[in-house]
Amino acid sequence: MGKRVGMEVSIAAAEAVALIDVDVVAAYPITPQTHIVEHLSELVANGHLDAEFVPVESEHSAMSVCVGAAAAGARTFTSTSSQGYALMVEICYIASSMRLPIVMAVVNRALSAPISIWNDHSDMMLARDTGWIQTVAENGQEVVDLLIHAYRVAEDHRVLLPVMVNLDGFIVSHVIEPIELPSKEEVQKYLPPYKPLLKLDPKSPVTMGPVGVPEIYTEVKKAQDEAIKNSKKVILEAWEEFAKHFGRVYKPVETYRCEDAEIVILLMGSIAETAMRAIDTMRERGKRVGLARLRLFRPFPVEELVSVLKPVKAVAVIDRALGFNGYTGPLCAEVKTVLFNHALTPYVWNYIAGLGGRDVTVENFVEMVEMLEERAARKEPMGYEIINVRE
Amino acid sequence: MGVASEALKNFKGFTTKNIPTIEPLSPGHRACQGCVEILALRLALKAIGTNVIVASATGCMEIVTSPYPQTAWRVPWIHVAFENAAAVISGVEAGYKAMARKGKIDLQEKIVFLGYGGDGGTADIGLQALSGALERGHDFVYICLDNEAYMNTGIQRSSATPYGAMTTTSPPGKKSIGQSTWKKNLPAIVVAHEIPYVATATPAYPLDLMNKVKKAAMVPGPAYVHILSVCPTGWRHPTNIAIEVAKMAVATNVFPLYEVIDGKWILSRKNPKPKPVKEYLKMQRRFAHLTEEEIEKIQARINAEWEALLERCGEKKEGGAEKTEVTPSE
Ligand SMILES: Cc1ncc(C[n+]2csc(CCOP(=O)(O)OP(=O)(O)O)c2C)c(N)n1
Ligand code: SF4
Ligand SMILES: [Mg+2]
């Protein structure tokens, strides 16, 4: 086991990709993803990573190159943010539909307009229906670990789906954290070489990406839907194996002080750390508050959420993006579907927080919980609000 | 000597005696009767052989060859989207390059990486991906199958649609002569990337086409072949004259045949006695509405383009007169 070394998370992410020994990296620069691909091209340039670094002319081509390379049987990686993700989204749908195990780190950033380089989850939410497995990191160690985990899941023949590892722009990507990088041998033991089920090979020709006539389209989509449903088992299995190999335990929903909680704050990403501090403060004042953080966003961790939320009286769902449907944020809509399907009826209020880099503070969390309690007591119809809006 | 000239030093072309009998793109596809685009693709693949991986753009040639569960492809083929065939094939190439270098695969023979798209998928929406792949220098061949409109979606204009042509989005009318812009010179744009090999071709001259595609496959680095692919459905002429239409495009200098090898422009057919453009236009109903005046305008433009091409090919004598000798072509 390696020792913990202070390093920038983006550098650590690139180092992890090198340990994974990818064959092709295709990427286009965009803030705040840049440090990852800069470091990767450096690793290729100085021979630490034997890969083709394809400096494409757009993110659309980055994903297209990954699709071509993965179809040829190569292990591929790309990374992007925000506008770059928006530009490649057409091909992201195709990558998952063609069942290609591409891995991408999305350094989450707000979508334009107005153009903003700062963090929120609009890009992640744009990706939510693309058929990719999605995990969400809270800190640098998790970024490294989730990347290694991503390849093990993606390339498993029971899955064969692309995986997107989300990390918050700047707040995670640009900070220096103590991170333990495993050795290449340890990674290799955990992650077998990629063996494509089908590949583009003149020795055994296949046709990939044909026209889907109405007689077949639904069946293809059904198969894809089954694949993402069934991936859950492999995701859990790969985390169990991860714990055995590297000693760190991961699960789809991380909880903090939920044991006897009446109120749960539910969110994704790095603001969990602020939320935990707020929970400590509130606990000191005798409030029974806990935290549920989704590490797995796709497939949606239904069972885990149900078991966390079952005993709870009220839930504050924090969305880091808007849905523009006029009644709920995107994450909250899904949480409510889970609750409804399981006949659970806690009071739910949806807070839209931290858009385009707006800070979410400990005080904000305390206030959100207080307002939640007041609304629940008043039996106010459930809804959503954007917090921290300047008048 | 440039890389292309070096690679083509011992080039032996196809003749009527040694046309390969293989059909990597098999019959039984669903292209329209008289489709020259599918013929172009068929000839190109015969020239390349079976040690190839093909990436297709969305368009007629993708649709007609791949309705699942059928496929006309006997060689590995991938279709991803409309605008990214060049990016996809560069990914395949990069993947193979890395895997071979790392010993993950054993490459005994050189694989040809072939991308193709229609004029829309190449000159318009796919131009950026093509430019990127050319500039990055991947070892691949790109073929533009130019039928001068978006045929797959129902004959809409593209930037490769010629001036005056009727399409469903450039309809002639009281205030329109049809397509109001001149055809984009895509081969010249590709030449500007300074890649080793660029050529124009048409299946009306099948050996010329096959030899050019073969050369494109032989040169290291990017190579590009622009193929005029007559489309009776979109050009509105009887299917049985498709090859004559293509021949006429060459005979009138509407579509000159040439190569650019290591930056050196070489005319494939010198065409000392060009036919009037009108003869080409009148074969096709997409030009039926054009007035004499418009036809003259087109003739003048074609003359000027031809002169410019002769200049590039070093075919102009001092004083401006053309050299007269004729290349023995097929
Ligand atoms: C992003 C995108 N925009 C539009 C289309 C619709 N579309 C499919 S094929 C096509 C036209 C193809 O024209 P061209 O490339 O010239 O090929 P042809 O069919 O003429 O051979 C269009 C517009 C699409 N599939 N994807
Ligand atoms: S529409 Fe034109 S290009 Fe398309 S298949 Fe028919 S003839 Fe060929
Ligand atoms: Mg076309």
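Draft legend 1. The arrangement of the site of ligand 1 in detail. Near ligand 1, the surroundings consist of 18 residues, among which E37(B), C60(B), D119(B), G120(B) and G121(B) are the closest. Residue neighbours of ligand 1 fall on chains A and B, so the site bridges chains. N147(B) is positioned with one of its side-chain polar atoms (N or O) 3.0 Å from an oxygen atom of ligand 1. When residues of the shell around ligand 1 are assigned to their parent elements, the largest contribution, three residues, is made by helix α5 (residues 119–124) of chain B. Considering only residue class, the shell around ligand 1 consists of six nonpolar, eight polar and four charged.

Draft legend 2. Fine view of the nonpolar core. Residues M63(A), Y85(A), I102(A), M104(A), I78(B), V80(B) and Y224(B) are the most contacted members of the largest nonpolar core, which totals 72 residues. Element by element, the count of residues in this core is highest for helix α4 (residues 85–101) of chain B, at nine residues. Excluding residues that lie within four positions of it along the chain, M104(A) makes contacts with M63(A), F77(A), T78(A), S79(A), T80(A), Y85(A), M88(A), C92(A), W132(A), V163(A), M164(A) and V165(A). In this structure, A12(A), L43(A), V153(A) and V165(A) belong to the second largest nonpolar core, which totals 54 residues.

Draft legend 3. Up close: the sheet that holds strand β14 (residues 314–319) of chain A. Residue and element names in this part refer to chain A. In spatial order, the strands read β10-β12-β11-β14-β15-β16; together these six strands make up an open sheet with mixed pairing. The outermost strands of the open sheet, each flanked by one partner alone, are β10 (253–256) and β16 (384–386). For this sheet, the mean inter-axis angle between neighbouring strands, taken without regard to orientation, is 20 degrees. Judged from the five bridges that link them, strand β11 (residues 263–267) and strand β12 (residues 289–294) form a sheet pairing that is parallel. Residue pairing across strands places L266 opposite A292, the latter belonging to β12. The sheet contacts of helix α12 (residues 362–378) involve β11, β12, β14, β15 (347–352) and β16, and relative to β15 the element is tilted by about 140 degrees.

Draft legend 4. Here's a closer look at the domain arrangement of chain A. Residue and element names in this part refer to chain A. You can read the domains of chain A as domain 1 (4–246) and domain 2 (253–386). A straight line from the C-alpha centre of domain 1 to that of domain 2 covers 28 Å. Tallying the contact residues gives 30 residues for domain 1 and 26 residues for domain 2. Summed over both partners, the interface of domain 1 with domain 2 buries about 2100 Å², with 58% contributed by carbon and sulfur atoms. Considering only the side of domain 1, the residues that lose the most area to domain 2 are M125, E138 and K232, jointly responsible for 29% of the buried surface there. Inspection of the domain 1/domain 2 interface yields five salt bridges.

Draft legend 5. Region of the structure containing the side chain of T65(B). All names here are of chain B. If you trace the backbone, T65 turns up in the loop between α3 (60–63) and β2 (77–79). On the basis of relative accessibility, which here comes to 1%, the residue T65 falls in the buried class. Within the structure, the side chain of T65 is placed 2.7 Å from the backbone oxygen of M61, a separation counted as a polar contact. In this structure T65 touches L25, H29, I38, Q70, T71, A72, W73 and W77, once residues within four positions along its chain are discounted.

Draft legend 6. Expanded view of the interface of chain A and chain B. The interface is formed by 41 residues belonging to chain A together with 43 residues belonging to chain B. Interface area, chain A with chain B, both sides summed: about 3100 Å², of which 61% is carbon and sulfur. Counting every contact that joins chain A to chain B gives seven salt bridges. Its salt-bridge partner being K104(B), residue D23(A) comes within 2.8 Å of it at the nearest N-O pair. Taken together, chain A and chain B are joined by 20 residue pairs in polar contact (both at pLDDT 80 or more). Among the elements of the structure, β3 (52–54), α3 (59–71), α4 (82–97) and β9 (207–208) of chain A are those that each provide at least two residues to the side of chain A that touches chain B.

Draft legend 7. Summary view of the pairing of β11(A). Residue and element names in this part refer to chain A. A large share of β11 lies buried, amounting to five of its five residues. Covered by surrounding structure in β11 are I263, I265 and L267 together with V264 and L266, the residues of both alternating faces. With respect to chirality, the unit in which β11 leads through helix α9 (residues 271–284) into the neighbouring parallel β12 is right-handed. Direction of pairing for β11 relative to β14: parallel, over a ladder of four bridges. When the bridges of β14 are listed, I265 appears paired with A316.

Draft legend 8. Up close: the coordination of the magnesium ion (ligand 3). All names here are of chain B. Taken together, the protein donors to the magnesium ion (ligand 3) comprise D119 (OD), N147 (OD1) and A149 (O), at separations of 2.0 to 2.1 Å. Written as a sequence motif, the donor residues of the magnesium ion (ligand 3) are D-x27-N-x1-A. Of the two residues, D119 sits in helix α5 while N147 sits in the loop between β4 (141–146) and β5 (172–173), which places them 28 residues apart along the sequence.

Draft legend 9. Local environment of the site of ligand 2. Taken together, A31(B), C32(B), C35(B), E37(B), C60(B), N147(B), M151(B), C231(B), P232(B) and T233(B) form the complete shell of residues around ligand 2. For the shell around ligand 2, the class distribution of residues is seven nonpolar, two polar and one charged.

Draft legend 10. Region of the structure containing the pattern of salt bridges. Under the criterion given, the structure shown has 46 salt bridges over all chains. The partner of R301(B) in a salt bridge is E305(B), and the shortest N-O contact between them spans 3.0 Å. Highlighted residues: R301(B) and E305(B), both in helix α12 (residues 292–312), separated by four residues, approximately one helical turn. Taking the relative accessible area as the measure of exposure, R301(B) reaches 33% and is therefore partly exposed. Bridged by salt links that share partners, the residues E138(A), E142(A), K251(A), E254(A), R293(A) and R295(A) form one connected network.

Draft legend 11. Looking closely at the pairing of strand β8 (residues 223–228) of chain B. All names here are of chain B. Along β8, six of the six residues are buried, which leaves the element largely enclosed by surrounding structure. With burial as the criterion, each face of β8 is covered, one bearing A223, V225 and I227 and the other bearing Y224, H226 and L228. The pairing of β4 with β8 spans six bridges and is parallel. The residue of β8 that forms the bridge with V141 is A223. One ladder, built from five bridges, connects strand β7 (residues 197–201) with β8; its direction is parallel. Paired with A201 across the strands is I227, a residue of β8. A crossover connection joins β7 to the parallel β8 through helix α8 (residues 206–218); in handedness this β-α-β unit is right-handed.

Draft legend 12. Representation of unusual backbone geometry within the structure. Omega for the peptide link from A113(A) to P114(A) comes to -5 degrees, which places this bond in the cis form. Residue position: P114(A) is located in the loop between β5 (103–108) and α5 (122–126). Here the residue pair Y68(B) and P69(B) is connected by a cis peptide bond, since its omega of 10 degrees sits within 30 degrees of zero. On the secondary structure map, P69(B) appears in the loop between α3 and β2. Not every positive phi belongs to a glycine, and E148(B) is a case in point at roughly 65 degrees. Residue placement: E148(B) occurs in the loop between β4 and β5. Positive phi values are uncommon outside glycine, yet N253(B) reaches one of about 70 degrees. Tracing the chain through its elements places N253(B) in the loop between α10 (242–251) and β9 (258–261). A relative accessible area of 6% means that N253(B) is categorised as buried.

Reading the values: rules and limits
Residues numbered from 1 in each chain as written. Chains lettered and ligands numbered in written order. Predicted model: local features only at pLDDT ≥ 70, side-chain atom pairs only at ≥ 80, totals over all residues. Heavy atoms only, no water. Near = heavy atom within 4 Å. Polar contact = N/O pair within 3.5 Å; in protein donor to acceptor, adjacent residues only side chain to side chain. Helix = DSSP H or I, 4+ residues; strand = E, 2+ residues; numbered from the N terminus. Nonpolar A, V, L, I, M, F, W, Y, C, P; charged D, E, K, R; others polar. Core = buried A, V, L, I, M, F, W, Y, C linked by side-chain atoms within 4.5 Å. Buried < 20%, exposed > 50% of the residue type's maximum accessible area, 1.4 Å probe, protein only. Contact = heavy atoms within 4.5 Å. Pairing = 2+ DSSP bridges. Axes fitted to C-alpha atoms, helices over the stretch in contact; angles between N-to-C directions. Domains from an automatic or database assignment. Buried area = accessible area lost by both parts, 1.4 Å probe. Salt bridge = Lys/Arg side-chain N within 4 Å of Asp/Glu carboxyl O. Right-handed = clockwise from strand over helix to strand, strands pointing away. Donors = N, O, S within 2.8 Å, 3.2 Å for Na, K, Ca; no water.

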